[in-house]
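Coordinate inspection notes
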Amino acid sequence: MQRRIRRRYAAERRFRVLGAGAVILSAAFLGFLLFTMVAQGWRGFTTTELALPIDLHAAGFHVERARLNTPAADLALASAGLEDAVENAATSAFGPDGATLIAPSAWTVLRAAVKRDPAILERRTVVRVPASTAFDRALAGEGTPAMKATVARLQRAGMVVRGFNWTFLSESDSTDPVAVGIWGALKGSLLTMAITFLIAFPVGVLSAIYLEEYAPKNRWTDLIEVSINNLAAVPSIIFGLLGLAVFLGTWEIGGRVFGPMLPRSAPLVGGVTLALMIMPVIVIASRNAIKGVPPSIRDAALGIGASPIQVVFHHVLPLAMPGILTGTIIGMARALGETAPLLLIGMRAFIVTPPDGVTDPATVLPVQIFLWSDEVSRGFVEKTSAAILVLLAVLLAMNGLAIYLRNKFETRW
Amino acid sequence: MNGFALCFVILGLGLIGWLTARARALRFDRGGRKRLHSLPAQHGWYAAAWTVLPPLLFLAVWSAISPGMVRQTILRNPAAAQLSDFAFERDSVLAQARAVAENPYAGDVDPLARRLAPLVGATRSRYAWIGTLVAALLAFAAGAYAITRIRPDFRARSQVERTLMMTLLVASLIAILTTLGIFVSLFWESLRFFGHVPITDFLFGTHWSPQVIDAKDPGASLGAVPLFWGTFFIGAVIAMLVAIPFGLMSAVYLTQYASPTTRRWMKPTLEMLAGVPTVVYGYFAALTVAPAMRQFAVLLGDPYASSESALAAGLVMGVMIIPFVSSMADDSLAAVPTAMRDGSLAMGATTSETISKVLVPAALPGVVAGVLLAVSRAIGETMIVVMAASGAATITLNPLESATTVTKQIVDLLTGEAEFDSPKTLAAFALGLTLFVITLLLNIVALRVVKKYREAYE
């Protein structure tokens, strides 16, 4: 009997340890994931720059001053041979392999500097240009011994400057990992989210109000409820197929072709597609919030003569708002992290200039992460992880806001 | 003028209409001969709705039909006679001409497009002005009509409330429209696909290689069985082998054993796993887990192991699903009446015996429903498999070999360069329809199970 009890208690302890192990392992996985991203990504926020002395006048570089203030300035500087001039300067400053030490995009830094201050054309000056990926890797301890020796030499000469990578936050996609930034993708995400919010929030809240407060119990209402519940469980990629077929497809009706409804690759079509995807989330959360408002409030308002519309819009809706907003933020966070449907509707283009409006070609942050993860160059690994860190930080802030709203405004009736 | 500015102008006119109508109603109110039927603000809303809604409706219709009209006008112009007869080429030139009209510095365009640019730009701006003018006229006319109707006995409230009610109804119909849109578009494109490829070849064929499609017999290389197997193997077997034990055990531990403090901290932590975007999981699976799995396979004695194994994608997917299973299990454990638990403990059973012999069996329908929903989640999951699974369609039982899934193939088929009508592109819609139907069935079954279970205890 004693032995049997001991055995049962041992089983009890084993079970408990198993449970704790499951929780700890799951949490450990999360920790490991975050740790990997931080370990790989922190270098993406730093930049290695080389102090490049350059004298464009002595190098025989000429460009008409008058053209520098026209929109064709970039073209003028490029055709005057600025790129070669920068590479020559690098060779004379850093040694025979100097041109391989600076990033291929280094001359664009000088181009911007010349456009800002044309006086640079006349005198000797020192410009900080980004170092190449190979140089950056060697600085991190990976690379050929020759490159490491060069790094050490230039470090002793005080020509290597490390700092916070503002380019990463202010630039857009590029073929050179040193010059890439997330601003273009971030702006695309913001525009897409604006469209998503403008559609999903009003439609979601209004249909929740209708279903919860006014809908008669009949077949139609049942059909609406069933379709909302099903939509909430439809895989996100199906919404991408929907967007592709309905918003970007063409129909032939009576011999005339009706073109795509919305422009391809644009935040507009992405926003509409994501809005359809998160609308059920908002409807379900809003219905729960509206259900939570006690009937006595409605009865009191009706009792003093308010119309059914006034009861809802003046009394029930303000009280349900915190719950509705929490649900909306969670839905928006889901839309912000979504990738698959956007791949299908063409938001995976190589976007060098940030979009100016909702109809310009754009990409979003998660898709940018996906595109960078496909790149072979070693330098993109840290940029990808850094972009992931930015995305996670934004999502964490949104979810934090949702929790704060819930705790601050939640009313117990 | 762009569309957004126009919408703002119309909203501004609506505001003016609101203020004017309210002022007018207030004047009647002060006149005092007769009491107003509705509040002044309700008269305001009445006028605002009349001012804003007709022009917005018109603009929605106009933006749908005007591109076609612009096209017709351009094609009728003699300058457009040089355009190619092939629709695809013609559209490309017109799109380039449009780009040049918007930005004269755009480089790398067809010379014909550059010549047509002024014509395209002028036609587009002419139609845009027509639209703007008509919208503005509509706004003024409808607003003026509404304001003239304001009388003390005018029932503005009933009108406004009826409009609002219609808006609510229309908003709730969008859910049905979306479902219908999904079903019709998937079904329509699939029908076109099955016009090229017999449905039996697609559903029962065991060879999938869309890169090389024989024009005479496209069905021979579009057999989807390997994809169904890969989806089932990764999503319903490997991922569930991770998610079910971990999710269930975490739910049991957090509800039955953990102290309130632990529960308060660990539950949100686990839920964070569900908040991580799938692209991040995909990146992690491809960069960290997949190489580790390859090394593991090499250790086991397979030097040519795939670095895109089913195991890597399945494991990470399983971790992603843990919080989902855990919260479903949590809910159904909490729904078991306390009396059953107390009874079992009072009879001398240990906590673990109570859980495994009383609580879990009682909560089983809910847990099963949760698992079904989790499977439907896993097989619809895209980014992890796109980034970590392979594109090679094989039927294998070895988790260290590569396998592909339906979602991965949809993305691969649609992101390549292919025209819209080829069997290759249409196959993606047929796969989408299959996926949609299967997830729908899983959800319906899960909801049925939950419903039955709920009735048992109430």
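Every value quoted in this text rests on a predicted model; they were computed, and no experiment measured them. (Residues numbered from 1 in each chain as written. Chains lettered and ligands numbered in written order. Predicted model: local features only at pLDDT ≥ 70, side-chain atom pairs only at ≥ 80, totals over all residues.)

As for the overall build of chain A
If you tally the helices and strands in chain A, you get 17 helices and 5 strands. The C-alpha radius of gyration computed for chain A amounts to 29 Å, which surpasses the reference 22 Å derived for 413 residues by more than 25%, pointing to a less compact arrangement than a globule. The dimensions of chain A, computed from C-alpha atoms along their principal axes, are 90 × 85 × 50 Å. In chain A, which comprises 413 residues, the proportion classed as buried is 43%. Restricting to contacts in chain A with at least 6 residues of sequence separation, those with at least 24 account for 75%. (Helix = DSSP H or I, 4+ residues; strand = E, 2+ residues; numbered from the N terminus. Rg over C-alpha atoms; globule rule 2.2 N^0.38 Å. Buried ≥ 20, exposed ≤ 12 C-beta atoms within 10 Å, placed from the backbone. Contact = placed C-beta atoms within 7 Å.)

What about the overall build of chain B?
Looking only at helices and strands, one finds 15 helices and 0 strands in chain B. Relative to the globule expectation of 23 Å for 458 residues, the C-alpha radius of gyration of chain B, 31 Å, shows a markedly less compact shape. Expressed as a percentage of its 458 residues, the buried residues of chain B come to 42%. Considering only intrachain contacts with a sequence separation of at least 6, the fraction spanning at least 24 residues in chain B is 71%.

Some thoughts on the domain arrangement of chain B
Assigned domains of chain B: these are domain 1 (3-154) and domain 2 (218-457). In this structure, domain 1 of chain B and domain 2 of chain B have C-alpha centres spaced 49 Å apart. (Domains from an automatic or database assignment.)

Points about the nonpolar core
What tends to happen in soluble globular proteins is that the nonpolar side chains get buried as a cluster. Core analysis: the biggest nonpolar cluster contains 182 residues, and Ala285(B), Ala313(B), Val316(B), Val325(B) and Ala388(B) have the highest contact counts within it. Grouped together as the second largest cluster of nonpolar side chains are 29 residues, Phe61(A), Leu101(A), Val114(A) and Phe135(A) included. (Core = buried A, V, L, I, M, F, W, Y, C linked by C-beta atoms within 7 Å.)

Topic: the environment of Arg448(B)
Structurally, the position occupied by Arg448(B) is in helix H15 (residues 423-457). Along the chain, Arg448(B) and Ile410(B) lie 38 residues apart, while their C-alpha atoms are 30 Å from each other.

Description of the interface of chain A and chain B
Size of an interface, as often reported, equals the accessible area lost when the parts are brought together. In this assembly, 69 residues from chain A lie in contact with 67 residues from chain B. Take the side of chain A that touches chain B: its biggest share by element is 18 residues, from helix H1 (residues 2-41) of chain A. When the residues that make up the side of chain A that touches chain B are grouped by side-chain class, the tally is 50 nonpolar, 14 polar and 5 charged. (Nonpolar A, V, L, I, M, F, W, Y, C, P; charged D, E, K, R; others polar.)

Some details on the sheet that holds strand E1 (residues 46-55) of chain A
Residues and elements named next belong to chain A. If you trace the 3 strands from one edge of the open sheet to the other, you get E2-E1-E3, paired in antiparallel fashion. Whereas interior strands pair on both sides, the edge strands pair on one side only; in this sheet they are strand E2 (124-130) and strand E3 (160-164). Taking each pair of neighbouring strands and ignoring which way they run, the sheet shows an average axis angle of 35 degrees. Summarising the sheet, E1 and E2 pair through 7 bridges and their orientation is antiparallel. Pairing of Ile54 across the sheet is with Thr125, part of E2. (Pairing = 2+ DSSP bridges. Axes fitted to C-alpha atoms, helices over the stretch in contact; angles between N-to-C directions.)

Regarding the packing of H1(A) against helix H7 (residues 225-257) of chain B
Relative to each other, H1(A) and H7(B) sit at 115 degrees, their axes nearing to 8 Å. When the interaxial angle is binned, H1(A) and H7(B) end up roughly perpendicular. By crossing handedness, the relation of H1(A) to H7(B) is classed as left-handed. Between H1(A) and H7(B), the contacting residues are Arg16(A), Leu18(A), Gly19(A), Ala20(A), Ala22(A), Val23(A), Leu25(A) and Ser26(A) on the first element and Pro245(B), Phe246(B), Met249(B), Ser250(B), Val252(B), Tyr253(B), Leu254(B) and Tyr257(B) on the second. A class-by-class count of the residues in the contact of H1(A) with H7(B) yields 12 nonpolar, 3 polar and 1 charged. (Parallel < 35°, antiparallel > 145°, perpendicular 65-115°, else oblique. Left-handed = near helix turned anticlockwise from the far one by under 90°.)

Examining the domain arrangement of chain A
Annotation of chain A at the domain level lists domain 1 (54-163) and domain 2 (183-409). Using C-alpha coordinates to define each centre, domain 1 of chain A is positioned 45 Å away from domain 2 of chain A.

Regarding the packing of helix H16 (residues 365-373) of chain A against helix H9 (residues 278-299) of chain B
When two helices pack together, their arrangement is given by the angle between the helix axes and the distance between those axes. Contact pair H16(A) / H9(B): the axes reach a minimum separation of 10 Å and the direction vectors enclose 15 degrees. Viewed along their axes, H16(A) and H9(B) adopt a mutual orientation that is roughly parallel. Where H16(A) crosses over H9(B), the two elements pack in a sense that is left-handed. Here H16(A) contributes Pro366(A), Ile369(A), Phe370(A) and Ser373(A) to the contact with H9(B), which in turn contributes Val279(B), Tyr283(B) and Ala286(B). Residues of the contact of H16(A) with H9(B), tallied by class, amount to 6 nonpolar, 1 polar and no charged.

Side note on the confidence of the model for chain B
Taken residue by residue, chain B gives an average pLDDT of 86. The fraction at 70 or more is 94%. Scoring the predicted complex yields pTM 0.87 and, for the interface, ipTM 0.88. (pLDDT = per-residue confidence, 0-100.)

Some words on H16(A)
Burial of H16(A) is extensive: 8 of the 9 residues sit out of reach of the surface. Within the span of H16(A), buried status applies to Leu365(A), Pro366(A), Val367(A), Gln368(A), Ile369(A), Phe370(A), Trp372(A) and Ser373(A).

With respect to the pairing of E1(A)
Direction of pairing for E1(A) relative to E3(A): antiparallel, over a ladder of 5 bridges. Each bridged residue has a counterpart across the sheet, and for Thr47(A) the counterpart in E3(A) is Gly163(A).

Let's talk about H7(B)
Note: α-helices contain 3.6 residues per turn, so residues at a spacing of three or four share the same orientation. Here H7(B) spans 45 Å end to end across 33 residues, near enough to the 48 Å set by a 1.5 Å rise per residue. Helix geometry: H7(B) is bent most strongly at Met240(B), by close to 50 degrees. (Expected span 1.5 Å × (residues − 1). Bend = angle between axes of the 7 residues up to and from the residue.)

Quick look at the environment of Ser306(B)
Residues and elements named next belong to chain B. With respect to the secondary-structure elements, Ser306 resides in the loop between H9 and helix H10 (310-334). Taking the C-beta count within 10 Å as the criterion, Ser306 has 22 such neighbours and is therefore assigned buried. Each C-alpha atom, one on Ser306 and one on Ala403, is 9.9 Å from the other, the two residues being 97 residues apart in sequence. If we skip the residues at most four places from it in the chain, Ser306 touches Ser390, Glu401 and Ser402.

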